[in-house]
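Descriptive analysis of the structure
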Amino acid sequence: METSTPTFDQLPHVVSGLSEKLDRVLDLLEKAGIASHSKQSKPSRRLVYAKEACQIIGKSLSTLYRAVKAPNDPIPSYKRGKLLYFYEDEIYAWIEGGRKHSAAPSLAETAATITASMKRRPRGGYNF
């Protein structure tokens, strides 16, 4: 294989050769399903079934079904007939949405959560 540097007059020929090689590589990658040829295409969402969703979240099938029906923060799912479907990106978004705060909540935040959960206001007021 030659490693000589091209001259200025040879540059158009070298660039066209590189362009043809790049097109062939992109075609091969597209056939293999690794890369899409058009950059403006909408990214496809991957549909997964319940067993694969269990592997993603690392829980059992019964825990997954319980989390789908959870009243406070259910896993986003779709049901057609007897099958339960999930989108992989929605599962990852649900997991990221449950992130704990790294810093401890302030006293004002703690007091606000306590007073919001109280049914009645005490006669003497809040003693924080």
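See the structure shown above.
Sequence positions are assigned chain by chain, starting from 1 and proceeding in written order. Whole-chain, interface and lining totals are the exception, using all residues; otherwise, since this is a predicted model, local features are given only for residues with pLDDT of at least 70 and side-chain atom pairs are given and counted only at 80 or more. Calculated side-chain values reflect all of the structure's heavy atoms, with hydrogen atoms and water omitted.

Looking at the sheet that holds strand β2 (residues 78–80)
Strands are treated as partners if at least two bridges between them are detected by DSSP. Numbering of helices and strands runs from the N terminus, with a helix taken as a DSSP run of H or I at least four residues long and a strand as a DSSP run of E at least two residues long. On the basis of which strands lie adjacent, the open sheet formed by three strands has the order β1-β3-β2 and antiparallel pairing. A single partner strand is all that each edge strand has here, and the edge strands are β1 (47–49) and β2. Each strand of the sheet is rotated relative to its neighbour by a mean of 40°, with strand direction disregarded. Pairs of residues are marked as contacts when any of their non-hydrogen atoms sit within 4.5 Å. What counts as an axis is a line fitted to C-alpha atoms, over the stretch in contact for a helix, and the angles between N-to-C directions run from 0 to 180 degrees. Against the sheet, helix α4 (residues 88–97) touches β1, β2 and β3 (83–87), its axis set at about 70° to β3.

Some words on the environment of T113
Position of T113 among the secondary structure elements: in helix α5 (residues 107–117). Buried, partly exposed and exposed residues are distinguished by accessible area as a fraction of the type maximum, computed with a 1.4 Å probe on protein chains only: under 20%, between the cut-offs, and over 50%, respectively. T113 gets classed as exposed once you look at its relative accessible area, which sits at 52%. Identification of polar contacts relies on pairs of N or O atoms within 3.5 Å, with a donor-acceptor requirement for protein atoms, meaning one able to donate a hydrogen and the other able to accept it, and with residues adjacent in sequence counted only if both atoms are side-chain atoms. One polar contact links the side chain of T113 to the main-chain carbonyl oxygen of T110, over a distance of 2.7 Å.

Some points on the nonpolar core
In terms of nonpolar packing, the biggest core is built from 13 residues, with A53, L64, I75, F86 and I91 touching the most fellow members. Every element with two or more residues in this core is listed here: α2 (50–57), α3 (61–68) and β3. Sort the elements by how many residues they give to this core and α2 lands first, with five residues. Leaving out residues up to four positions away in the same chain, L64 has contacts with A50, A53, C54, I57, I75 and F86. By convention a nonpolar core is built from buried Ala, Val, Leu, Ile, Met, Phe, Trp, Tyr and Cys residues, the set being connected through side-chain atoms within 4.5 Å.

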